[in-house]
Amino acid sequence: MKGLFHLLIIGILAVSLGSCSSGDDIVKEEIPENPSPEEENPENPYPEVRNLLWVDATSNMPRLSNSKDSIAKYVLMAKNAGITDLVVDVRPICSEVLYKSAIAPQLKEWKGFNRTATFDYLQAFIDEAKKNGIYVYASINTFTGGHLYSPFWNQAVSGERKALAIEHPEWISQSYVWDGTKGKIESMWTYYKNGFGSKPCAFLNPVNPEVQKYLLSIIKEICTNYEVRGIILDRGRFDSLESEFSDLTRKAFEEYIGQTITNWPEDVFKWTGKGVKTDGPYYKKWLEFRVSIIYKFFQATKNVVKPTGKELGAYVGAWYASYYNEGVNWGSKTSDYCLSFDWATPQYKNYGYAEELDFITTGCYSGTKAGVENYIRQSQKAINGAIPIAAGLYVDDYISLEKKTAGQGKTAFAECIDAARNGTENVMIFDIVHMNNELNEKPVSPTYWEVLSKELNKK
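Residues numbered from 1 in each chain as written. Predicted model: local features only at pLDDT ≥ 70, side-chain atom pairs only at ≥ 80, totals over all residues. Heavy atoms only, no water.

Asker: Looking at this model, I keep getting lost on the overall build of the chain. Mind explaining?
Answerer: Assigned secondary structure in the chain consists of 16 helices and 16 strands. Here the contacts in the chain between residues at least 6 apart in sequence split such that 75% fall between residues at least 24 apart. (Helix = DSSP H or I, 4+ residues; strand = E, 2+ residues; numbered from the N terminus. Contact = heavy atoms within 4.5 Å.)

What follows is the structure, given as structure tokens:
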């Protein structure tokens, strides 16, 4: 048993480069009245406040991926609106990429749109951002290995399109699911394609050392080859409570608890109906084990990212109280917030990964100011001041309100931006595609771009 767990640790450490400190802070009293970024801190020339705008890979592909001019246009708009950093998604859930990689295949086609351009998509954003005095984070969808929508599925199965789910079926999460009559363990890649539920992608197994090594190589490649401000990990988690129940994970869990499990997976929990389960004797220890796996992966990621001088961030949903479903404790080790919930063991807090990051963005997705403020409070309880938080806002929430009552969505958007800035100083807007779609649909002033600019440029 111990051999497998040791292989897991070795697999992580083999690609780790050792962590490094960021240097001493400069005493504020010594800073000139109007310093340049370099004078503020030569070790870290970036602005302290982050106003982030997310650029999803696939939804923005038709508008941005084939045209440097389009990228230049929207980068300038972002700058003028008060955005300090663009988060450019370069590894969507299909596992293809939008940068020049020696490891992963390029994303060339998506739902009927064919990318014909040959320029480096990520580098184009970096170049335009530099011209405008703003910065770029590269975001990757971490533990994902293949999209589950039909055209991609068929192309992957036929061999027309590379997918990790086909090339490495042993990497794909084995989910413990309700099949209509009983619980069963089945590859996520096949289960959802057979009509049992709806998921956007097949997740990789975070416990598998080969999976971790592969992902760390992607992260290292980006950090080494591109002048990005940092890396943001999205979907750095298990898929759900249903994953992951492979034999490999079972052995790693048995080693973790120092016992052999007789009834697998029922001793963890047992499905008794659709969405209905009974907890087994090892259920809480299982939740603890899963957060330990993700915590160690983030440690290994930090050891890859920090020696390159880049920052490490993460996106998570702000709904901390239910994030144990995804096997993640994104809070600080200094926070007792997790112990407020009956699913946490006393050791659960030891696997909070906040201290491995430079900052975190939490999806405070709500159409109301009160809702955003509530999510911010949850985020602050979990992070406990360990790192900066950027409160994330979902533009589509406000578009839905606007469709019901003219002006309601724009007003709510402004109020929620204000709440995010007051609550965390930083804000993340998801996604640029929603901002831009309005410009092509007979926009009524103020547009979402105008609201964003007004709020972010307030003193």
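Asker: How should the packing of helix α14 (residues 408-424) against helix α16 (residues 448-456) be read in this particular structure?
Answerer: Running from amino to carboxyl end, α14 crosses α16 at an angle of 30 degrees, the nearest separation of the two axes being 10 Å. Classified by the angle between their axes, α14 and α16 sit roughly parallel to one another. Read as a crossing pair, α14 and α16 show a hand that is right-handed. Together, Gly409, Lys410, Phe413, Ala414, Ile417, Asp418 and Arg421 of α14 and Tyr448, Val451, Leu452, Glu455 and Leu456 of α16 make up the contact between the two elements. (Axes fitted to C-alpha atoms, helices over the stretch in contact; angles between N-to-C directions. Parallel < 35°, antiparallel > 145°, perpendicular 65-115°, else oblique. Left-handed = near helix turned anticlockwise from the far one by under 90°.)

Asker: Got a minute to help me understand the layout of surface pockets in this structure?
Answerer: By rolling a water-sized probe across the atoms, one finds the places where empty space is left. The volume enclosed by the second largest pocket comes to roughly 730 Å³. Around the second largest pocket, the lining comprises 34 residues; the ones closest to its centre are Asp56, Asn141, Asp234, Arg235 and Phe430. Only β5 (135-141), β10 (230-234), β13 (311-317), β16 (426-430) and α15 (432-439) provide two or more residues apiece to the lining of the second largest pocket. Per element, the largest residue contribution to the lining of the second largest pocket is four residues, and it comes from β13. When its residues are assigned to classes, the lining of the second largest pocket shows 18 nonpolar, eight polar and eight charged. (1 Å grid on protein atoms, 1.4 Å probe; cavity = no way out; pocket = protein on both sides within 12 Å on 5 of 7 lines; lining within 4 Å. Points joined across faces, edges and corners; volume = space filled by probe spheres on them. Nonpolar A, V, L, I, M, F, W, Y, C, P; charged D, E, K, R; others polar.)

Asker: Quick question: what am I supposed to make of the pairing of β13 here?
Answerer: For a regular strand, side-chain orientation follows a simple rule: the groups alternate between the two sheet faces. Taking burial as the measure, the seven residues of β13 include seven buried ones, the bulk of the element. Side-chain alternation along β13 places Glu311, Gly313, Tyr315 and Gly317 on one buried face and Leu312, Ala314 and Val316 on a second face that is also buried. Direction of pairing for β10 relative to β13: parallel, over a ladder of four bridges. In the sheet register, Gly230 faces β13, and the bridge partner there is Glu311. As defined by bridge partners, β13 adjoins strand β14 (residues 359-363) across five bridges and the pair is classed as parallel. Within the sheet, the bridge partner assigned to Val316 lies in β14 and is Thr362. (Buried < 20%, exposed > 50% of the residue type's maximum accessible area, 1.4 Å probe, protein only. Pairing = 2+ DSSP bridges.)

Asker: What should I look at first to understand the packing of aromatic side chains in this one?
Answerer: Ring pairs (aromatic) are described by centroid distance and by the angle formed between their planes. If you walk through the whole model with that rule in mind, you get 42 aromatic pairs. Ring centres of Trp54 and Tyr315 lie 6.0 Å apart, and the angle between their planes is 70 degrees; this geometry places the pair in the edge-to-face category. A residue pair is termed long-range when its members are at least 10 positions apart, and Trp54 in strand β1 (residues 51-55) and Tyr315 in strand β13 qualify at 261 residues. The two residues Trp54 and Tyr315 agree in class, both being buried. A centroid spacing of 5.5 Å and a plane angle of 50 degrees characterise the contact between Trp171 and Tyr214, whose relative ring orientation is tilted. Here Tyr214 lies in helix α9 (residues 209-225) and Trp171 lies in the loop between α7 (164-167) and β7 (174-178), a separation of 43 residues in the sequence. (Phe/Tyr/Trp six-rings, centres within 6.5 Å; stacked < 30°, edge-to-face > 60°.)

Asker: What should I look at first to understand the pattern of salt bridges in this one?
Answerer: Between side chains of opposite charge, a pair can form as their charged atoms come close. Tallied over the entire structure, the rule returns 19 salt bridges. In this structure, Glu128 engages Lys131 in a salt bridge whose closest nitrogen and oxygen atoms are separated by 3.1 Å. Placement of the pair is Glu128 and Lys131 together in helix α5 (residues 121-131), with a separation of three residues, close to one helical turn. Across the salt bridge formed by Arg229 and Glu311, the nearest N and O atoms sit 3.3 Å from each other. Residue Arg229 is found in the loop between α9 and β10, and its partner Glu311 is found in strand β13; the two are separated by 82 residues along the sequence. Taken as a pair, Arg229 and Glu311 share a single burial class, namely buried. If you follow the salt bridges from partner to partner, you end up with Arg50, Asp85, Arg229 and Glu311 in one network. (Salt bridge = Lys/Arg side-chain N within 4 Å of Asp/Glu carboxyl O.)

Asker: Where do I start with α14 in this structure?
Answerer: Given 3.6 residues per helical turn, the α-helix brings residues three or four places apart onto the same face. Taking 1.5 Å per residue as the helical rise, α14 with its 17 residues ought to reach 24 Å, and the 24 Å between its terminal C-alpha atoms agrees with that figure. Here α14 has its buried residues at Gly409, Lys410, Ala412, Phe413, Ala414, Cys416, Ile417, Ala419, Ala420 and Thr424. Buried residues along α14 sit in contact with α12 (369-383), β15 (389-394), α13 (395-404), β16, α15 and α16. Once α14 finishes, Glu425 follows within two positions and takes phi at roughly 75 degrees, a positive value. (Expected span 1.5 Å × (residues − 1).)

No statement about biological role is implied by the geometric values presented.
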